[in-house]
Every structure is written in C-alpha cells, then in structure tokens.
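These are the residues of each chain, in order.
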Amino acid sequence: MTTSSYVLPDPETQAEFYSDVPVKRLIAWLVDVLLIAVVCVLILPFTAFTGIFFFPVLMAVVGFIYRVVTLASGSATWGMRLVSIEMRRQTGDLFDLTTALLHTTGFYVSFAFPLLQLVSVILMLTSSRSQGLTDLVMGTVALNRTARL
C-alpha cells in the first residue's frame, strides 16, 4: 500500500513518529541477526556441514536476501515489525524492491567499514529524524508504525 499524498512527519510537531526509533532499530537488528543465524544453522546440513567453514559468508548472503525480501514486501524486516517500526522513502512511500536493494547494500557497506558504521550510529542518535548514514544518503527514514495519525 503506497500513498503518494503522504509526506514524512515533521520531527518537531510529530515527534511520536521518531520516539525511541534508535533503540527499536537496535532491538530489531538483534532479532534479525538471531533469525538469520537460525536459518543458516538450518541450512548447514544441506551443505554437508561444509558451511561451517564459510559460516560468516553464509550469514552475509542469507542476511542480504532476508533484508531485501522483507524490506521490499512490507517496508520492514521481521525484527522491525516486532518493534513496530517501518521504513519509508523520502516521498513517504513504502519501500519497493529497488529501494530495498539499495538500502540493504548501503547497510552492508556501512558494516564493512567500522568508521562508516560509527558515523551511522552517531547520526541515528543525534539527527532529528534518527536517520543513519544510508538513510541520510537515500532520504529514507524509520518511523513508528503505531504513531499514525
């Protein structure tokens, strides 16, 4: 469901949309990592347990696919849905496949370079819309789903 008339809420007058978003994103990330790890452990027997030798790569590949699919299908990963946040584009629309792919790529690039990840965390904690580095570059934002007007 996309609405082209929807605009991003103002963090000054509609602060409830951004309330506790950094903490919720951290909890969502932890839940997502746990889910991805469980899926990877379930995949191990199908690799004749050779997946143990490249488990971090398996986690990265499964995680990338998981994030793209869940963001494209509902604008939130399962962890985000659990804590009631969703991602929105600059126009206010839900993520499509292209946006989900670009956002996940930016997320992985940030994790590949610790300095970028540190900048992203600092931005989430200090910016008015709690946007990380990828969000700032793409114009995306995480919002509380329960704060709809």
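Presented here is a report on the structure given in the accompanying data block. (Residues numbered from 1 in each chain as written. Predicted model: local features only at pLDDT ≥ 70, side-chain atom pairs only at ≥ 80, totals over all residues. Heavy atoms only, no water.)

### As for the overall build of the protein
In terms of helices and strands, the protein carries 6 helices and 2 strands. Going from the N terminus to the C terminus, the protein shows its helices and strands as α-α-α-β-α-α-α-β. The C-alpha radius of gyration of the protein comes to 16 Å, within 12% of the 15 Å expected for a compact globule of 149 residues. Taken over the C-alpha atoms alone, the protein extends approximately 55 × 35 × 25 Å along its principal axes. Buried residues in the protein amount to 40% of all 149 residues. By sequence separation, contacts in the protein at least 24 residues apart represent 65% of the contacts at least 6 residues apart. Carbon and sulfur atoms form 74% of the exposed surface of the protein, whose accessible area is close to 8,400 Å². (Helix = DSSP H or I, 4+ residues; strand = E, 2+ residues; numbered from the N terminus. Rg over C-alpha atoms; globule rule 2.2 N^0.38 Å. Buried < 20%, exposed > 50% of the residue type's maximum accessible area, 1.4 Å probe, protein only. Contact = heavy atoms within 4.5 Å. Areas by Shrake-Rupley, 256 points an atom, 1.4 Å probe, with all protein chains shown as cover.)

### Notes on the nonpolar core
By size, the foremost hydrophobic cluster in this structure holds 12 residues: Val21, Ala28, Val68, Leu71, Ala76, Met80, Val83, Ile85, Met87, Phe95, Ala100 and Ala142. At the level of elements, α1 (21–43), α2 (55–74) and β1 (85–88) are the ones that each hand at least two residues to this core. In contact with Val68, not counting residues within four places along its chain, are Leu97, Ala100, Leu101 and Thr104. Cys40, Leu58, Val62 and Tyr66 belong to the second-largest nonpolar core, a separate cluster that totals 6 residues. (Core = buried A, V, L, I, M, F, W, Y, C linked by side-chain atoms within 4.5 Å.)

### So, the packing of aromatic side chains
Scanning the model with the defined rule gives 5 aromatic pairs in all. Centre to centre, the rings of Phe64 and Tyr108 are 5.4 Å apart; their planes meet at 75 degrees, and the pair counts as edge-to-face. Within this pair, whereas Phe64 is found in helix α2, its partner Tyr108 is found in helix α4 (residues 97–112), the two being separated by 44 residues in sequence. Here Phe107 and Tyr108 contribute two aromatic rings whose centre-to-centre distance is 5.7 Å and whose plane-to-plane angle is 65 degrees, an arrangement assigned as edge-to-face. (Phe/Tyr/Trp six-rings, centres within 6.5 Å; stacked < 30°, edge-to-face > 60°.)

### Concerning the packing of α4 against helix α5 (residues 114–126)
At a closest axis distance of 5 Å, the pairing of α4 and α5 adopts a crossing angle of 115 degrees. Each of Val109, Ser110, Phe111 and Ala112 in α4 lies in contact with α5, whose residues at this interface are Pro114, Leu116 and Gln117. (Axes fitted to C-alpha atoms, helices over the stretch in contact; angles between N-to-C directions.)

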